[in-house]
2 protein chains.
Amino acid sequence: MLKVPEHQVAGHQAIDGNLGPLVDDSGRFYKPLQANERGTKELAFYQSLFSDTLVPDHIRRFFPVFYGSQLLEASDGSGLRPHLVLQDLASNHLNPSILDVKMGSRTWYPEASDDYIQRCLEKDRTTTSVSLGFRISGLQIYQSKESGFWKSARKDVLSFTADNVRLVLRKFVSSNSSVGSNAKLDCCFARSVYGGPAGVLEQLLELKTWFEDQTIYHFNSTSLLILFDEESLLKGRTPFAEVKLIDFAHVAEGEGVIDHNFLGGLCSLIKFISEVFSRI
Amino acid sequence: MLKVPEHQVAGHQAIDGNLGPLVDDSGRFYKPLQANERGTKELAFYQSLFSDTLVPDHIRRFFPVFYGSQLLEASDGSGLRPHLVLQDLASNHLNPSILDVKMGSRTWYPEASDDYIQRCLEKDRTTTSVSLGFRISGLQIYQSKESGFWKSARKDVLSFTADNVRLVLRKFVSSNSSVGSNAKLDCCFARSVYGGPAGVLEQLLELKTWFEDQTIYHFNSTSLLILFDEESLLKGRTPFAEVKLIDFAHVAEGEGVIDHNFLGGLCSLIKFISEVFSRI
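A brief structural summary. Predicted model only: the values in this text are computed from it and were never measured.

1. Structural notes on the sheet that holds strand β9 (residues 223–228) of chain B
Residue and element names in this part refer to chain B.
So, point 1. Spatial strand order, β7-β6-β5-β9-β10: five strands in an open sheet with antiparallel pairing. At either margin of the open sheet sits one strand with a lone partner, and together these are β7 (148–151) and β10 (241–246). Averaged over all pairs of adjacent strands, the angle between their axes in this sheet comes to 15 degrees, without regard to strand direction.
So, point 2. Pairing of β9 with β10, which is carried by six bridges, proceeds in the antiparallel orientation. The residue of β10 that forms the bridge with L224 is L245.

Here it is in structure tokens:
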């Protein structure tokens, strides 16, 4: 039984007759392959990632598990269509809080058309991409059984400033974010979710070490997901907090050069998160 | 007695009646202040750098010493004009080999006009800035008493590919670069100039550590100079190799965000230099 994912915070959604990803109950995520070369590129990326022995195992765990591709009835009713079969990253978590962070100060890839570059550049300049080296492109923050999730409308997310990003990163790890905008955020999960040996910062630093060296891939317009759920955290289940990379339609070959665009944004994100953690 | 610098590898030159920097025999470099806000900004930067207690002393040594500003007869004969009085970085070195590396995959600053941004973007795309996160914008490599310096014409430098950059970084530390293009470069100075406790890599890593944390300045369109001279090296004089930052007309306030654009390019440059060093 395929259904629309409950915890998708960005990207095309399989609602109102649109084409979008589906999930099943066994923890798999079915992402329709885009008909143009984007689909081919994303499939090729996953095939390469899970076969290239140059990618260390401890790095591969930052990506959704890839189960191949499969023909499925598309969510827009357009008939059979190839889908990537991936791990459903949210399926391990009850009521996950999720940040979707599009990485890099530049989201266009060098070989794109001038027109495409100008459109991306415009978006990079009007969001925080150019200034911060990343932009939040979607989020949901679990507040409580009563209030459910706090989500921002897509257009609000795209107009986030640096200060909005700082606030979101504090809200993300606070237990009192539903209390109202005047309450001081308690950041009570910051130490365990951001800090600590299995925390987000440690994972980001591990990724950073890889990005300082790896020249295989350039992750243009890729998102970094940060997920955690309170219940796993409180019950001591692991992983309670995860960092994952998604969206590889514009990945290019590194050709012996590091992905300085992703890396710069990653260092900036690390600095933003360190500041939440250090100001508790 | 002011004269035209012998070892200037990029930027406006005080020749043929043009406006450019001058040097004297006491090791000072006089840079004409540009009449527009660029001049004001560069002066303000130097004043801030040498007074801001947030800048650690071990970082300040990566910048030319700043002696203030002074009214001087301009090199283009246009009369008295304010000049920055700086340390002449080449004056410590006999026959210095010099690389001028313009840092960042983006050389424009966010507040610039659309027109300025488009012109910079075009240059960033047609040089290695976008692909490598930096571009070589000038160089001289000392070859021998007989052959003197190897220099590249400005237009050749701007058309460098990644492979040209790799070759230049090897040539820079080779004693046989004048022998002809078929000779295998010996890279005989690589270990001491790039490696070693006082070498270029160690200095770049020190800068990198600062850039991962500092949110005071964004160094838009700043150059990183790498200088060394054979004689100092062979005679055991220090410093035989130096890393310096120059050109601050477009420095902007960091506003609590790291300079991910410079940092990404710096990590890429470190990777390129490590590869020379590790492939000897």
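2. Here's the deal with the sheet that holds strand β2 (residues 28–32) of chain B
All names here are of chain B.
So, point 1. One open sheet holds the four strands; their spatial order is β1-β2-β4-β3, and the pairing between them is antiparallel. Each edge of the sheet is formed by a strand with only one pairing partner; in this case those strands are β1 (22–23) and β3 (66–73).
So, point 2. Across seven bridges, the pairing between β3 and strand β4 (residues 80–87) is antiparallel. Residue G68 lies in a different strand from β4, and its bridge partner there is V85.

3. Things to note about the state of the cysteines
Residues and elements named next belong to chain B.
So, point 1. All chains considered together, the criterion is met by zero disulfides over all chains.
So, point 2. Free cysteine: C187, not disulfide-bonded; nearest cysteine sulfur from C188 at 8.3 Å.
So, point 3. Given a relative accessible area of 5%, C187 falls into the buried group.

4. Here's the deal with the pairing of β10 of chain B
So, point 1. Burial analysis of β10 of chain B places six of its six residues in the buried class, which makes it a mostly covered element.
So, point 2. Across the two faces of β10 of chain B the burial is the same, with A241, V243 and L245 of chain B and E242, K244 and I246 of chain B all buried.

5. What to know about the interface of chain A and chain B
So, point 1. The partner chain B presents 34 residues to the 34 residues of chain A that form the contact.
So, point 2. In total, chain A and chain B occlude about 2,400 Å² of area from one another, counting both sides; carbon and sulfur atoms represent 56% of this.
So, point 3. Where K271 of chain B meets D213 of chain A, a salt bridge forms, and the shortest distance between an N and an O atom there is 2.7 Å.
So, point 4. Listing elements by their share of the side of chain A that touches chain B, those giving two or more residues are α3 (114–126), α4 (129–132) and α10 (260–278) of chain A.
So, point 5. By residue number, the principal contributor to the side of chain A that touches chain B is α10 of chain A, which donates nine residues.
So, point 6. Within the side of chain A that touches chain B, the residues separate by chemical class into 12 nonpolar, 12 polar and 10 charged.

6. Some points on the packing of α10 of chain A against helix α10 (residues 260–278) of chain B
When two helices pack together, their arrangement is given by the angle between the helix axes and the distance between those axes.
So, point 1. Viewed as axis vectors pointing N to C, α10 of chain A and α10 of chain B meet at an angle of 125 degrees, and their least axial separation amounts to 8 Å. Between α10 of chain A and α10 of chain B, the crossing angle belongs to the class labelled oblique. Taken as a pair, α10 of chain A and α10 of chain B cross one another with a handedness that is right-handed. Two secondary-structure elements touch here, α10 of chain A through H260, L263, G264, G265, C267 and S268 of chain A and α10 of chain B through H260, L263, G264, G265, C267 and S268 of chain B.
So, point 2. In the contact of α10 of chain A with α10 of chain B, the residues fall into four nonpolar, eight polar and no charged.

7. Remarks on the nonpolar core
So, point 1. Formed by 126 residues in total, the largest nonpolar core has its most connected members in Y194, F219 and L224 of chain A together with Y194, F219 and L224 of chain B.
So, point 2. Not counting the four nearest positions on each side in its chain, F219 of chain B is found in contact with F45, F63, W210, F211, Q214, F248, V251, D259 and F262 of chain B.
So, point 3. Counting residues in each nonpolar core, the second largest holds 16 residues, with W108 and Y109 of chain A together with C120 and V130 of chain B among its members.

8. Quick look at the relation of the copies chain A and chain B
So, point 1. Superposing chain A onto chain B requires a rotation of 180 degrees together with a translation of 0.0 Å along the rotation axis, leaving an RMSD of 0.0 Å. On the angle and the small slide along the axis, the relation comes out as a two-fold axis. Taking C-alpha positions as reference, the residue of chain A nearest the rotation axis is G264 of chain A, located at 2.3 Å.
So, point 2. Counting the interface residues of chain A, we find that 100% of their copies in chain B are interface residues as well, pointing to one common contact surface.

9. Considerations on helix α1 (residues 37–49) of chain B
Residue and element names in this part refer to chain B.
So, point 1. Over its 13 residues, α1 extends 18 Å from the first C-alpha to the last, a length consistent with the 18 Å expected when each residue adds 1.5 Å.
So, point 2. Along α1, the positions that sit buried rather than exposed are G39, E42, L43, F45, Y46 and L49. The buried residues of α1 occupy one face: seen down the axis, they fall within an arc of 155 degrees.
So, point 3. On the buried face of α1, the contacting elements are β2, α2 (57–60), β3, β4, β8 (217–219) and β11 (251–253).

Basis of the calculations
- Residues numbered from 1 in each chain as written.
- Chains lettered and ligands numbered in written order.
- Predicted model: local features only at pLDDT ≥ 70, side-chain atom pairs only at ≥ 80, totals over all residues.
- Heavy atoms only, no water.
- Pairing = 2+ DSSP bridges.
- Helix = DSSP H or I, 4+ residues; strand = E, 2+ residues; numbered from the N terminus.
- Axes fitted to C-alpha atoms, helices over the stretch in contact; angles between N-to-C directions.
- Disulfide = S-S within 2.5 Å.
- Buried < 20%, exposed > 50% of the residue type's maximum accessible area, 1.4 Å probe, protein only.
- Contact = heavy atoms within 4.5 Å.
- Buried area = accessible area lost by both parts, 1.4 Å probe.
- Salt bridge = Lys/Arg side-chain N within 4 Å of Asp/Glu carboxyl O.
- Nonpolar A, V, L, I, M, F, W, Y, C, P; charged D, E, K, R; others polar.
- Parallel < 35°, antiparallel > 145°, perpendicular 65-115°, else oblique.
- Left-handed = near helix turned anticlockwise from the far one by under 90°.
- Core = buried A, V, L, I, M, F, W, Y, C linked by side-chain atoms within 4.5 Å.
- Least-squares fit on C-alpha atoms with pLDDT ≥ 70 in both.
- Expected span 1.5 Å × (residues − 1).
- Arc of directions from axis to C-beta.

As far as function goes, none of this settles anything; it's purely spatial.
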